[in-house]
Amino acid sequence: MTQHKNKPMVLLGYSRDIMECCKINNGQEYLFGRRINGFVNDRAAFNLSKKENKTLDYKKTHVMNITFEEGANKLSAFLAREEFHSSTDAKSLPDLAKKRGFIYDACGLDKIYHFKKNEGGLSFGSNISYNDLDVADYRMRYFRGVTEDDGINGVMRTLTDFKNLGINPLYKPSGTGQGKGIIGYNPGELEANFKHRFYENLDKIKKEFGKGAGYPFLVMPVLNLAKTDLNEVYDMRFVIYKK
């Protein structure tokens, strides 16, 4: 680093390599002792924060996407979306849109249900009738998070809870990209086999993305939007940006 001392520098690198070379001190990131002014890659910032178990001070550093946690942590994205749709701002959008000459349509994203741990009877809401189709559609909107503290026991408990509702769960890790590390339960699979595959999947995530990736996992139903000739199921993604 001494040859670049006191000179502007842009470093290109894989997020895991950058994360392993950086440290956080008092909310400021450092690369081999050199202060970092900002990150373009939100996943690198997220994984570094998780690896160091320290938060970043936005007065000292800049992250291109300031909502980088929601961008890299799929559970945080779902929780943020749930929080927004219960807010006053969300309720004002239909009237605001009407005044400006268009229709606001949340496309069903305002009806996501947080299926919390140790929850008793599940209410289907006043607008849900009890025929099988409506109940199945409602259940497809459930999501849950499994944290590192929950561990594999939390993973298996979530599997049991979802299966009891007739749902095939999909587990999405935080801090990865390109769909890597996503793992699903195969209907009829022995739970011991799924548990073994989950451990193997965790090892692959750690090897490729480092300590900051993996937990928490977002757990959601496999959405049968469409299938390929190879019986692969399409999935849906949400990306959150803030100006």
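Since the model is a prediction, treat every value here as computed from it, not as a measurement.

**Looking at the pattern of salt bridges**
A side chain with one charge may pair with a side chain of the opposite charge, provided their charged atoms come close.
Step number 1: Applying the stated criterion across every chain yields a total of six salt bridges.
Step number 2: As a salt-bridge pair, D161 and R144 come within 3.0 Å of each other at their nearest N and O atoms. Of this pair, D161 sits in helix 7 (residues 151-164) while R144 sits in strand 7 (residues 142-146); the two residues are 17 residues apart in sequence, bridging distant segments of the chain.
Step number 3: Judged by its relative accessible area of 1%, R144 is buried.
Step number 4: One salt bridge connects E191 with K163, and the closest N-O pair in it is separated by 3.1 Å. Of the two residues, E191 sits in helix 8 (residues 191-209) while K163 sits in helix 7, which places them 28 residues apart along the sequence.
Step number 5: Judged by relative accessible area, K163 falls into the partly exposed class, the value being 33%.

**Focus on the confidence of the model for the chain**
Step number 1: Looking at the chain as a whole, the pLDDT averages 83, with 86% of positions reaching at least 70.
Step number 2: Averaged over each element, pLDDT in the chain is lowest for helix 6 (residues 132-139) (62) and highest for helix 8 (95).

**Notes on the nonpolar core**
Step number 1: Grouped together as the largest cluster of nonpolar side chains are 23 residues, with contacts concentrated most on Y142, V155, Y171, F194, F198, Y215 and F217.
Step number 2: When residues of this core are traced back to their parent elements, those giving at least two are strand 7, helix 7, helix 8 and strand 10 (214-221).
Step number 3: In contact with Y215, other than residues within four places in its own chain, are V146, T147, E148, G151, I152, V155, S174, F198 and L202.
Step number 4: By size, the runner-up hydrophobic cluster in this structure holds 15 residues, among which are I18, M19, I36 and F46.

**Details of the environment of C21**
Step number 1: Along the polypeptide, C21 turns up in helix 1 (residues 15-21).
Step number 2: Judged by its relative accessible area of 31%, C21 is partly exposed.
Step number 3: With 27 residues separating them along the chain, C21 and L48 place their C-alpha atoms 9.6 Å apart.
Step number 4: If sequence neighbours within four positions are ignored, C21 has contacts with Y30, L31 and F32.

The rules behind the values
- Residues numbered from 1 in each chain as written.
- Predicted model: local features only at pLDDT ≥ 70, side-chain atom pairs only at ≥ 80, totals over all residues.
- Heavy atoms only, no water.
- Salt bridge = Lys/Arg side-chain N within 4 Å of Asp/Glu carboxyl O.
- Helix = DSSP H or I, 4+ residues; strand = E, 2+ residues; numbered from the N terminus.
- Buried < 20%, exposed > 50% of the residue type's maximum accessible area, 1.4 Å probe, protein only.
- pLDDT = per-residue confidence, 0-100.
- Core = buried A, V, L, I, M, F, W, Y, C linked by side-chain atoms within 4.5 Å.
- Contact = heavy atoms within 4.5 Å.

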